[in-house]
Amino acid sequence: MNKRITTSSLRGSDDGALMPAAPGWHVLAVLSLLMGFASISTDLYLPAMPVMSRSLHASEGLVELTISGYLIGFSFGQLLWGPISDRYGRRPSVAIGLVLFVIGSAGCALSESALVMIGWRVVQALGACASVALSRAMVRDLYEGVRAAQMLSILITVMAVAPLVGPLVGGQIVAHAGWRAIFWTLVGIGIVTFVALFTISETLPAERRNHEPLGGAMARYGELLRDRRILGYLGTGGFFYAGMFAYVAGTPFTYITYYHVPEQLYGLLFGLGIVGIMGSNILNSYLVPRFGYDRMLLAGTIIAAFSAVMVALFAHFGWGGLWGLVVSLFVFVSATGFIVANSITGALNNFPGRAGAVSALVGAVQYGSGIIGSGIVGIFANGTPWPMGLVIALCGIGSLLSMRLLYPVTGRDDGRCLPVPLEVTELN
């Protein structure tokens, strides 16, 4: 019988965090699986994009927009799921989302045109975003502060296995069964996850839920956006995600079409970045108790900005050929471990009583930025790596500027940023 996770089964830690008295491995496994749905839904079919372009008689730019369509549903859907989960609980909200995900995945498998697939990708994303946004809120239900940042880093490291093996598995599926089989695989993953969800208990007890009407809860997003600290976290994460999805949309055609990398080997190059993400998340989980999540976030944005500029230079001038681009992209992608978990933790800690809504807003901004990043790469695709490199460079610089301008580090011993005087940080 599964152990129920409730407030009565939580104990206090030395840093004031709420921790399960004896968390089961299966709880962390399910949370990791839920958190990985954004990667599972896209990374599995990346090697199939050139084949899909030929099969659906669509341009590579139009096929790249299947990623943007997914991000549209993923971004705006989170704004709905956050308040719903704060009111009705995490598990029923995720369950409904998984049903939508299965329906959308089946629609993609049956699509006969790129435009139809884009529509079904929106439906798929509306379901997948519930799993991702609410898994973060579930972590916040159980942990606080630095401990929450540690747990997010650990979970992201575990779920990074999905994008690591996704392109490898996807390449094999498309080679042996065709690209449609990839989306039927996603249908199966959605069903398995739905069953696994009901092996864990609700993390938000009834007494801790927000019973405000949904209309009022949606209006409260404006209140969150007036907090300049949250704006800082939104900016650092949002710009970085735009660059990441420019990378996701651009590398299949850059590696496979431009540099003639075999489809079956694309996953190996893509997997290098995932290894970097896993390594930086592990490192972040060790360093964040010592330096604090804000200082680690600042370090991550500096790494991202520098490496993003190098990506643009390698893409434009062709320095080092394929490997020059691969190495610079590896460094940029590896900054994920210092940016994602810490920016999410910083935003959630400002409004602990509305973790679902804050997590949804963070996710909406991050993936909404991804719409722009991947969309620009698709619109300006010219058969070279340059559009991808330029977008990544601008996004890396934007992430660093958001951190420094909106929430500058002032040297607190715990590594958290102190708000500077209003006249300095107030946005015009």
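Because the structure is a prediction, the values reported are computed rather than measured.

Helix and strand counts for the chain stand at 19 helices and 2 strands. Classification of the 428 residues of the chain by burial places 60% in the buried group. Taking contacts inside the chain between residues at least 6 apart in sequence as the whole, the part at least 24 apart equals 84%. Here the chain displays about 16,200 Å² of accessible surface, and carbon together with sulfur accounts for 69% of that area.

Bringing unusual backbone geometry into the picture now. Its identity is not glycine, yet His57 carries a phi of approximately 55°, on the positive side. Locating His57 in the fold gives a position in the loop between helix 3 (49-55) and helix 4 (60-88).

A few words now on the nonpolar core. In this structure, Ile67, Phe74 and Ile392 are the most contacted members of the largest nonpolar core, which totals 116 residues. With 15 residues, the top contributor of residues to this core is helix 12 (residues 228-258).

Here the focus is the pattern of salt bridges. One pass over the structure, following the stated rule, counts 1 salt bridge. The closest approach of N and O atoms between Glu112 and Arg180, which form a salt bridge, is 3.5 Å. Taken together, the residues span a long stretch of sequence, with Glu112 in the loop between helix 5 (90-109) and helix 6 (114-142) and Arg180 in helix 9 (residues 180-197) at a distance of 68 residues. Residue classification places Glu112 among the exposed positions, given a relative accessible area of 62%. For Arg180, a relative accessible area of 24% corresponds to the partly exposed category.

Turning to helix 14 (residues 293-317), a few remarks are in order. Each α-helix turn comprises 3.6 residues. Residues three or four places apart therefore point the same way. The first and last C-alpha atoms of helix 14 sit 36 Å apart over 25 residues, in line with the 36 Å expected at 1.5 Å per residue. Phi turns positive, to about 75°, at Gly318, one or two residues after helix 14.

Between the first and last C-alpha of helix 12 there are 42 Å, a value that for 31 residues agrees with the 45 Å anticipated at 1.5 Å per step. For helix 12, the tally of buried residues reaches 25 of 31 residues, placing the bulk of the element in the interior. Once helix 12 ends, the next one or two residues include His260, with phi positive near 60°.

Before going further, it helps to examine the packing of helix 12 against helix 13 (residues 263-291). Any two packed helices are characterised by how steeply their axes cross, that is the angle between the axes, and by the distance between the axes. Viewed as axis vectors pointing N to C, helix 12 and helix 13 meet at an angle of 150°, and their least axial separation amounts to 10 Å. Considered as vectors, helix 12 and helix 13 are oriented roughly antiparallel to each other. Here helix 12 runs over helix 13; the crossing is right-handed. For the pair helix 12 and helix 13, contact is made by Met244, Tyr247, Thr251, Pro252, Tyr255 and Ile256 and by Glu263, Tyr266, Leu269, Phe270 and Ile277, respectively. Class assignment of the residues belonging to the contact of helix 12 with helix 13 gives a composition of 9 nonpolar, 1 polar and 1 charged.

Throughout the structure, instances matching the rule amount to 12 aromatic pairs. Between Phe317 and Trp319, the aromatic rings sit 5.0 Å apart at their centres with planes inclined by 10°, giving stacked as the arrangement. Three or more aromatic residues link up through ring pairs in this structure, and these residues are Tyr247, Tyr255, Tyr266 and Phe270.

A few words on a nonpolar patch on the surface. A contiguous nonpolar surface patch, about 680 Å² in accessible area, is contributed by Val99, Ile103, Val116, Trp120, Ile191, Phe194, Val195 and Phe198. Looking at the nonpolar patch, the elements that each hand over two or more residues are helix 5, helix 6 and helix 9. Considering each element in turn, the nonpolar patch owes the most residues, 3 residues, to helix 9. Summarising the element assignment, Val195 is placed in helix 9.

As a further point, take the environment of Leu34. Topologically, Leu34 is positioned in helix 1 (residues 25-35). Its relative accessible area of 0% is what places Leu34 among the buried residues. Remark: the alpha-carbon pair of Leu34 and Cys129, spanning 95 residues in sequence, is separated by 9.3 Å.

How each quantity is defined
- Residues numbered from 1 in each chain as written.
- Predicted model: local features only at pLDDT ≥ 70, side-chain atom pairs only at ≥ 80, totals over all residues.
- Heavy atoms only, no water.
- Helix = DSSP H or I, 4+ residues; strand = E, 2+ residues; numbered from the N terminus.
- Buried < 20%, exposed > 50% of the residue type's maximum accessible area, 1.4 Å probe, protein only.
- Contact = heavy atoms within 4.5 Å.
- Areas by Shrake-Rupley, 256 points an atom, 1.4 Å probe, with all protein chains shown as cover.
- Core = buried A, V, L, I, M, F, W, Y, C linked by side-chain atoms within 4.5 Å.
- Salt bridge = Lys/Arg side-chain N within 4 Å of Asp/Glu carboxyl O.
- Expected span 1.5 Å × (residues − 1).
- Axes fitted to C-alpha atoms, helices over the stretch in contact; angles between N-to-C directions.
- Parallel < 35°, antiparallel > 145°, perpendicular 65-115°, else oblique.
- Left-handed = near helix turned anticlockwise from the far one by under 90°.
- Nonpolar A, V, L, I, M, F, W, Y, C, P; charged D, E, K, R; others polar.
- Phe/Tyr/Trp six-rings, centres within 6.5 Å; stacked < 30°, edge-to-face > 60°.
- Patch = residues over 30% accessible without salt bridge, like charges linked within 9 Å, V, L, I, M, F, W, Y side chains within 5 Å.

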